[in-house]
Amino acid sequence: MAEARAFTAIVNPAAGGSASASSLIAPARLLREAGAEVAVEYSRGLEHAADVARAAAESGRVVLAVGGDGMAGCVGGALAGTGALFGIVPAGRGNDFARQLGVPSGPEELAKLLLEGEPRAVDAIDANGTAVLGSVYAGVDAVANDNANKTRLLRGSAAYYFGALRAIVSWRAADYLITVDGETRERQGYTVVAANSGYYGFGKHIAPDARVDDGLLDVILIRTAPKRLFFAVMRELEDGTHVRRPEVEVMRGEEVRIELAGPPGRTLPYGADGELPGELPVTARVLPGALRVLAP
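In short, a report on the structure. (Residues numbered from 1 in each chain as written. Predicted model: local features only at pLDDT ≥ 70, side-chain atom pairs only at ≥ 80, totals over all residues. Heavy atoms only, no water.)

Considering the nonpolar core
Inference 1: Formed by 51 residues in total, the largest nonpolar core has its most connected members in F7, I10, V63, V75, L79, F86 and L101.
Inference 2: Core analysis: the next-biggest nonpolar cluster, separate from the first, contains 46 residues, Y137, A174, L217 and L268 among them. (Core = buried A, V, L, I, M, F, W, Y, C linked by side-chain atoms within 4.5 Å. Buried < 20%, exposed > 50% of the residue type's maximum accessible area, 1.4 Å probe, protein only.)

Examining the pattern of salt bridges
Close approach of charged atoms lets side chains of opposite charge pair.
Inference 1: Enumeration over the complete set of coordinates arrives at 13 salt bridges.
Inference 2: For E249, the salt bridge goes to R223, with nearest N and O atoms at 2.8 Å. Of this pair, E249 sits in strand β11 (residues 248-253) while R223 sits in strand β10 (residues 217-223), and the two are 26 residues apart along the sequence.
Inference 3: Given the relative accessible area of 29%, R223 is considered partly exposed.
Inference 4: Among the salt bridges present, the one from E259 reaches R257, with a minimum N-O distance of 3.5 Å.
Inference 5: The class for E259 is partly exposed, based on a relative accessible area of 24%.
Inference 6: Residues joined by salt bridges that share partners form a network here, namely R187, R223 and E249. (Salt bridge = Lys/Arg side-chain N within 4 Å of Asp/Glu carboxyl O. Helix = DSSP H or I, 4+ residues; strand = E, 2+ residues; numbered from the N terminus.)

Focus: the packing of helix α2 (residues 20-33) against helix α6 (residues 107-116)
Inference 1: At their nearest, the axes of α2 and α6 sit 9 Å apart, and the two run at 45 degrees to each other. By the angle class used here, α2 and α6 are oblique. The crossing of α2 and α6 is right-handed. Here A26, P27, L30 and L31 of α2 lie close against α6, whose contacting residues are P107, E108, L110, A111, L114 and L115.
Inference 2: Looking at the contact of α2 with α6 residue by residue, the classes come out as nine nonpolar, no polar and one charged. (Axes fitted to C-alpha atoms, helices over the stretch in contact; angles between N-to-C directions. Parallel < 35°, antiparallel > 145°, perpendicular 65-115°, else oblique. Left-handed = near helix turned anticlockwise from the far one by under 90°. Contact = heavy atoms within 4.5 Å. Nonpolar A, V, L, I, M, F, W, Y, C, P; charged D, E, K, R; others polar.)

Some points on α6
Inference 1: When α6 is considered as a whole, its buried residues turn out to be L110, A111, L113 and L114. Buried positions in α6, seen along its axis, are confined to an arc of 160 degrees and lie on one side of it. Turned more than 90 degrees off the buried face of α6, the exposed positions are E108, K112 and E116.
Inference 2: For α6, the elements touching its buried residues are β1 (6-11), α2, β3 (62-67), β4 (85-90) and β15 (282-294). (Arc of directions from axis to C-beta.)

Details of unusual backbone geometry
Inference 1: The peptide bond linking L280 to P281 adopts the cis configuration, its omega dihedral lying at 10 degrees.
Inference 2: Mapped onto the secondary structure, P281 falls in the loop between β14 (275-279) and β15.
Inference 3: Unlike most non-glycine residues, D181 shows phi in positive territory, near 50 degrees.
Inference 4: If you trace the backbone, D181 turns up in the loop between β8 (174-180) and β9 (183-195).

Now the structure itself:
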């Protein structure tokens, strides 16, 4: 009989309306009942979570990210290229990377996967030197995220929807330089997304053909269009049918650089896995098979 795995679960106490800790209770109990050791560490921030993840991995433990996409991206990114075993306990609002992988949310199914599942090699993304998992994006979506983070009166999805509405209403067309595997295109649009995972932004199927193990990034550009049409595109993001529109351009490659060409003096934030690491330009490069994850 194989020796039971030892787990270190890193919890984001703020994710999912402070529900992360309670989301861990049932699967952790099932893991322990099966003979596994489960240590729980509460994150004081993403840098601390990454440090804890690396230390646990060096001790040969399976590292679990308990939270949403920010926590999964942080912990998974810290483990990329190390050979460590990584698992996700979906406990945020979006859980987009877990959705792409097919990670179950039910405690029994999740515990069985973590105890018995075989590791699966999936790609990660190097974004300006930092490893992330799901996608890198720059445009109205990153501005919406920034607005939501700055909103003090609203919380959770209400803050995000308010931030998105404010971003769209005040949006001015951005001139992008998009370089995919050395070929540069100049485009004007709402947003550019370099996607490893098909989902982002709370379940939106931004890149329906993206695969986490094909060694490529799907690049989705939503071009400038009347704002009424942009809202129609937003509705179609739920099922991925937006990619059929002529206003949506799909590219694919191993390395993508997104730059802001104009207007002069303008800056634009870029996002990655629900976080906002900085401002354009950003270079996103696929890291093939960089992460060993417990997923179906």
